[in-house]
Amino acid sequence: MATSTAPESKADAEALIPLFHLEKILNQDQSGRRITLLGSISRRPALLILERAAFTSSATSIPPLLQRITSLANLGANDIYRWYMSSLSPAAPPLPNASEPSPESTDLKLNLIYPCTPKHLAKYTRQRLRHVTETPEIYATHLRPWIARQRAAGRLDWIFNILDGRTEQEDVVLRSSWDTDDGFLLLPDLNWDRKTVSALHLLALVQRRDIWSLRDLRKRHVPWLRRLREQVVRGAGAAAGSEGVSEGVQEDELKCYVHYQPTYYHFHVHVVHVMLEAEGGTQNVGKAWELGGLIATLEGMQNDEDGLDGVEVSYVVGEESDLWKGLWGPLKQGETPTLNQAA
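From a predicted model like this one, the values you see are computed outputs, not experimental measurements.

Is there a simple way to explain the UniProt feature "active site" (unreviewed entry) in the protein chain in this structure?
Here the UniProt feature "active site" (unreviewed entry) sits at H268. As for its position among the elements, H268 is in strand β12 (residues 268-273). For H268, a relative accessible area of 6% translates into the label buried. Among the polar contacts listed, one links the side chain of H268 to the backbone oxygen of H266, at a separation of 2.7 Å.

Structural data, given as structure tokens:
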């Protein structure tokens, strides 16, 4: 059970951004729309992720960029995660007698992780990737105990805060079949600006806590997964309307998928607009499993208790991650994995 803490006010959250001191540029995506910064706030580490039309990667250009952030509005906060909308003021004031009007401020979305941890740095730093194949034996021997330790260490408290009604309730756009095995809630992903229809990205968090990842899914879960997909897709259209997306979203403009490995080990479904150009390869082979294909795979199994814990699963892992350093790297070198050794 998560510990109840006093919610952070919007004013407190907004006051953190001007205190950010840049230390290092961690990453920039290929399209140049998002940049990830390592810095500090009050001498504690923080990650700041900025999005816009394009960013330069010159360290000298970042401090002036941060100074141009105006009209800061906190969209929400949960534990160490905060997200904002703001504007970038023009880089320079208009010249006297200029024939053209001054450019309008540019919309900017900010995600702040403060205080951040070494695990956050490993996730957001540009790094070499590896493609690995996880056998049922590797999962049972190494991954399952490791996942159990993550859950026991309180890594899911922020998820349980949402499910238990402590945080982010103003962002919940649908709570369906609550207090049943079919229960789930739908809320915007922190990477959606909540107004661009082609970038729509929602998360469905299931209420049940016995399914940690797709590895826990069995053939007997197929009816539940079908109902979940139907209700999530139907609810996403209504959610888009509640967030001010005037164009509307039809069911065949949406797709659902789950991640493996996921960012956190509580089963959740991503529902996105088919036109979304996802950042960081989050819809790529080696990361995303389309929900319909996942259901078909389970449906083809022989017995109700047969599941995805009994098949090989391939995915991409970064060399800075715990999984590479503690499991896949040692296995590649013929050494004993250290993933579950006490720190």
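Sorry if this is basic, but what is going on with helix α7 (residues 291-299) here?
An α-helix turns once every 3.6 residues. As a result, residues three or four positions apart point the same way. If you check which residues of α7 are buried, you get L291, G292, L294, I295 and L298. Axial view of α7: buried residues confined to an arc of 160 degrees, hence all on one face. Near the N-terminus of α7, the side chain that reaches the backbone nitrogen of G292, with its oxygen 3.0 Å away, is that of E290.

I tried to follow unusual backbone geometry on my own but got confused; where do I start?
A cis geometry characterises the amide bond from Y114 onward to P115, with omega recorded as -5 degrees. When you line up the elements, P115 lands in the loop between β6 (106-113) and α3 (118-124). The peptide bond linking Y260 to Q261 adopts the cis configuration, its omega dihedral lying at -5 degrees. Secondary-structure assignment places Q261 in the loop between β11 (254-259) and β12. Of note in this structure, S177 is not a glycine but carries a positive phi near 50 degrees. Mapped onto the secondary structure, S177 falls in the loop between β8 (174-176) and β9 (184-188).

Mind showing me how you'd approach the pairing of β11 here?
Within a regular strand, side chains alternate between the sheet's two faces. Among the six residues in β11, five count as buried, and that is most of the element. Relative to β12, β11 is paired through four bridges, and the arrangement is antiparallel. By the bridge assignment, Y257 is partnered in β12 with H270. Relative to strand β13 (residues 288-290), β11 runs antiparallel, the two being bridged by three bridges. By the bridge assignment, Y257 is partnered in β13 with E290.

How do you make sense of the pattern of salt bridges when you look at a structure like this?
It is possible for side chains of opposite charge to pair when their charged atoms get near one another. For the structure on display, the rule yields 15 salt bridges. Residue E8 is joined to R82 by a salt bridge in which the shortest nitrogen-to-oxygen separation is 2.8 Å. Here E8, found in the segment before α1 (10-16), pairs with R82, found in strand β5 (residues 81-88); they are 74 residues apart in sequence, far enough to count as distant. R226 is paired through a salt bridge with E299; the nearest N and O atoms lie 2.9 Å apart. Of the two residues, R226 sits in helix α6 (residues 222-242) while E299 sits in helix α7, which places them 73 residues apart along the sequence.

Which parts of the structure should I look at to understand the packing of aromatic side chains?
Each aromatic ring pair is characterised by the separation of its centres together with the angle its planes make. For the coordinates displayed, the defined rule picks out six aromatic pairs. An angle of 45 degrees between the planes, with centres 5.4 Å apart, marks the rings of Y81 and W158 as tilted. On the criterion of sequence distance, the pair formed by Y81 in strand β5 and W158 in helix α5 (residues 157-163) is long-range, its members being 77 residues apart. Given the relative accessible area of 19%, W158 is considered buried. Three or more aromatic residues joined by ring pairs form one cluster here, namely Y81, W158 and Y264. The ring of W178 carries the charged tip of R175 above its face, separated from the ring centre by 4.4 Å. Sitting over the face of the ring of F160, R209 holds its NZ or CZ atom 4.1 Å from the ring centroid.

Conventions we followed
Residues numbered from 1 in each chain as written. Predicted model: local features only at pLDDT ≥ 70, side-chain atom pairs only at ≥ 80, totals over all residues. Heavy atoms only, no water. UniProt positions renumbered as here; feature names shortened; annotations may be inferred. Helix = DSSP H or I, 4+ residues; strand = E, 2+ residues; numbered from the N terminus. Buried < 20%, exposed > 50% of the residue type's maximum accessible area, 1.4 Å probe, protein only. Polar contact = N/O pair within 3.5 Å; in protein donor to acceptor, adjacent residues only side chain to side chain. Arc of directions from axis to C-beta. Pairing = 2+ DSSP bridges. Salt bridge = Lys/Arg side-chain N within 4 Å of Asp/Glu carboxyl O. Phe/Tyr/Trp six-rings, centres within 6.5 Å; stacked < 30°, edge-to-face > 60°. Lys NZ or Arg CZ within 6 Å of the ring centre and 35° of its normal.

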